Structure formats: structure tokens, C-alpha cells
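Overview (structure and organization)
Take a look at the letters that make up each chain.
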Amino acid sequence: MLKLYSYFRSSTSYRARIALNLKGMEYETVPVNLLKDEQRSEDYLKINPMGGVPALIDGDFVLSQSLAIINYIDNMKSEPSLAPGDYKDQAFVRQIALSIAEDIHPLINLKTQKYLSDHLGADEAAKKEWYIHWTTTGMAAVEKMIAGYGKAGNFVLGNKVSVADICLIPNMYSMRRFGVPLDAYPLCCAIERHCITLPEFIKAAPETQAEAPEDLEQIHGPNAPFLKQAA
Ligand SMILES: N[C@@H](CCC(=O)N[C@@H](CS)C(=O)NCC(=O)O)C(=O)O
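Remember, it's a predicted structure, so these values are computed and weren't measured experimentally.

Helix and strand counts for the protein come out as 10 helices and four strands. N-terminal to C-terminal, the α/β element order of the protein is β-α-β-α-β-β-α-α-α-α-α-α-α-α. In terms of C-alpha radius of gyration, the protein reaches 17 Å, essentially the compact-globule figure of 17 Å for 231 residues. Along the first, second and third principal axes, the C-alpha atoms of the protein reach 45 × 45 × 35 Å. Long-range pairs, those at least 24 residues apart, make up 67% of the contacts in the protein with a sequence separation of at least 6. Surface exposure of the protein reaches about 11300 Å², of which carbon and sulfur atoms provide 54%. Measuring between centres, the 23 positive side-chain charges of the protein sit 3 Å from its 28 negative side-chain charges.

In C-alpha cells, the structure reads:
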């Protein structure tokens, strides 16, 4: 069986879990506690020398980088394609995924935030400002791209789920967690509202992971309280 090294609240792990669920694959989750620095333990660095989650183990094949994992899973089983549509649609959903995974996420990653405080003297307020700046400017661009492509519906690509949604939903979770207002991103919010009602996304949500604390704030969990507030 596939084995996924994952942290319940990590957005990159959340991506891999959604992809595995969409493909209906069975997998065992191995928790890696980022707050205890387990991602930098000697044993884990043998699995992923970059010291990040997720990592996927398929027999003797070891793979890290969430987008490579999603691509691997996509190639293991054809339906549903995680980059559907014609060649322009396929390029477009990858553009959205990469904007989130390569342009936004590295700037707000735990190790980046830790470096800001441990080596550059940033306090909590400065780190929050940093987080808000990079997420809001990045998401403004993502919203504009999605609007510009003109196919948004239940998903970034109309009625077809894709790698774009797989990256978008965990990013929205992270922004809600940090209390960033999301009114400026109406298309992204509509896609989020739909996605988090789907079993594949619910099963991947941080709150539904076995190792999540019971008192974890509910954002994308089974009852999705923010949906009720917005209703
Ligand atoms: N580009 C990598 C990033 C992996 C990564 O750094 N994940 C975060 C969790 S969201 C992590 O493990 N951070 C640990 C740290 O920063 O120390 C991917 O997409 O998989």
C-alpha cells in the first residue's frame, strides 16, 4: 500500500491527500510533527533531504515534492485526470498550481517564518505582516488569472476538478487560519465552498486527520462553520 508522510495542517500534505482521494487510492498516513521538528530528524531526512512533507512511498520508490507526487498519482491511474481538458486547459491549471506552490507557498513556509524570527529578528507582528503581504498579493494574481481564463465554476476549470483546485483549497485553508480576509477573491471562495462539500476534500481536510487535536479550530472540517457564517 502507498504510504504518505504527512502533517495534518500542512497545505502541501493536504494537496497530496486530496489527489490520493480523488483517485480513490488506498494509502496509509504516517504523521510527521512539524512543530516537533520531526521533518529534520535523521530518519526523515533520509526520506526527504529537503526536510519537508509530504513524501510518498510506493514500494521502494520514494518521492517528495507535492506537485511531483500529484503528477505521479495522476499517471498511476487515468481517471479522473488531474490536468483535464485540452492542452491550453492543462497548461492553465498547472499555471494556477505553480503560482500557489512555487510563488506563494515558499514565502510562507514554516522554515521561512522561522528564519525570519530566529535570524532576522522579526517579531510575531512582522511575521504576520509578511504572511499577509505574500498571500494577498499572490492570491490577487491567482483570482485575476482564474477570472481572465473565464471557465471558473464549481472548480477552477468549470465542472472539472484539477491540480489547480488541489493547490487552491489548502491555500484558502491556511489564509482562513491566519484570519486573512478573503472577500477580494470571490471566485476562489466560490470554488472553495463547493470543493469542501466533496468527500475527497473532506477526507483530506486537516480536521479529519487522525492525529489532529480534538480542539482544532474547524475551517474545512465536516461542519465547515465558515460556510454557515457566509450563508
Ligand atoms: N515544495 C515542497 C514544500 C514542502 C514543504 O516544505 N512543506 C512544508 C509543510 S506545508 C514543510 O514540511 N515545512 C517544514 C519546515 O518548513 O520546516 C512541496 O510542495 O512538497
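Time to look at the sheet that holds strand β1 (residues 2–6). Strand order in the open sheet made by the four strands is β2-β1-β3-β4, with mixed pairing throughout. This sheet does not close on itself; its edge strands, each paired only once, are β2 (27–31) and β4 (61–64). Between one strand axis and the next, the sheet turns through 20° on average, direction left out of account. Bridge count between β1 and β2: five bridges; the pairing is parallel. Paired with L4 across the strands is T29, a residue of β2. Here helix α1 (residues 11–22) sits on the sheet in contact with β1 and β2, set at roughly 155° to β1.

With respect to spatial proximity, 17 residues lie near the ligand, and among them Q39, Q65, S66, N109 and K111 are the closest. With respect to the ligand, the side chain of R15 contributes an N or O atom lying 3.4 Å from an oxygen atom. In the model, an oxygen atom of the ligand is placed 2.7 Å from a nitrogen or oxygen of the N109 side chain. For the ligand, whose accessible area on its own is 510 Å², the fraction buried by protein is 91%. Top contributing element to the shell around the ligand by residue count: α1, with three residues. Residues of the shell around the ligand, tallied by class, amount to four nonpolar, 10 polar and three charged. Residue-level mapping places the shell around the ligand at the junction of two domains, with at least three residues from each of domain 1 (2–76) and domain 2 (87–230).

Turning to the nonpolar core, a few remarks are in order. M139 and L168 are the most contacted members of the largest nonpolar core, which has 68 residues in total. In terms of residues, this core owes the most to one element, helix α7 (residues 163–177), which gives nine residues. Counting residues domain by domain, this core receives three or more from each of domain 1 (2–76) and domain 2 (87–230). What L168 contacts, discounting residues up to four positions off in sequence, is I100, M139, V156, C188 and I191.

You'll often see interface size given as the accessible area lost when the parts meet. Per the domain assignment, the segments making up the protein are domain 1 (2–76) and domain 2 (87–230). Computed from C-alpha atoms alone, the centre-to-centre distance between domain 1 and domain 2 is 18 Å. Each side of the interface is counted separately: domain 1 has 20 residues, and domain 2 has 29 residues. Both sides of the domain 1 and domain 2 interface together cover about 2300 Å² of buried area, and 67% of this is carbon and sulfur. Summed over the shared surface of domain 1 and domain 2, the number is zero salt bridges. On the surface where domain 1 and domain 2 come into contact, there are five residue pairs in polar contact (both at pLDDT 80 or more). Among the secondary structure elements, those contributing two or more residues to the side of domain 1 that touches domain 2 are α1 and α3 (66–76).

Scoring rules and cut-offs
- Residues numbered from 1 in each chain as written.
- Predicted model: local features only at pLDDT ≥ 70, side-chain atom pairs only at ≥ 80, totals over all residues.
- Heavy atoms only, no water.
- Helix = DSSP H or I, 4+ residues; strand = E, 2+ residues; numbered from the N terminus.
- Rg over C-alpha atoms; globule rule 2.2 N^0.38 Å.
- Contact = heavy atoms within 4.5 Å.
- Areas by Shrake-Rupley, 256 points an atom, 1.4 Å probe, with all protein chains shown as cover.
- Lys, Arg positive; Asp, Glu negative; His and termini not counted.
- Charge placed at Lys NZ, Arg CZ, Asp CG, Glu CD.
- Pairing = 2+ DSSP bridges.
- Axes fitted to C-alpha atoms, helices over the stretch in contact; angles between N-to-C directions.
- Near = heavy atom within 4 Å.
- Polar contact = N/O pair within 3.5 Å; in protein donor to acceptor, adjacent residues only side chain to side chain.
- Nonpolar A, V, L, I, M, F, W, Y, C, P; charged D, E, K, R; others polar.
- Domains from an automatic or database assignment.
- Core = buried A, V, L, I, M, F, W, Y, C linked by side-chain atoms within 4.5 Å.
- Buried < 20%, exposed > 50% of the residue type's maximum accessible area, 1.4 Å probe, protein only.
- Buried area = accessible area lost by both parts, 1.4 Å probe.
- Salt bridge = Lys/Arg side-chain N within 4 Å of Asp/Glu carboxyl O.

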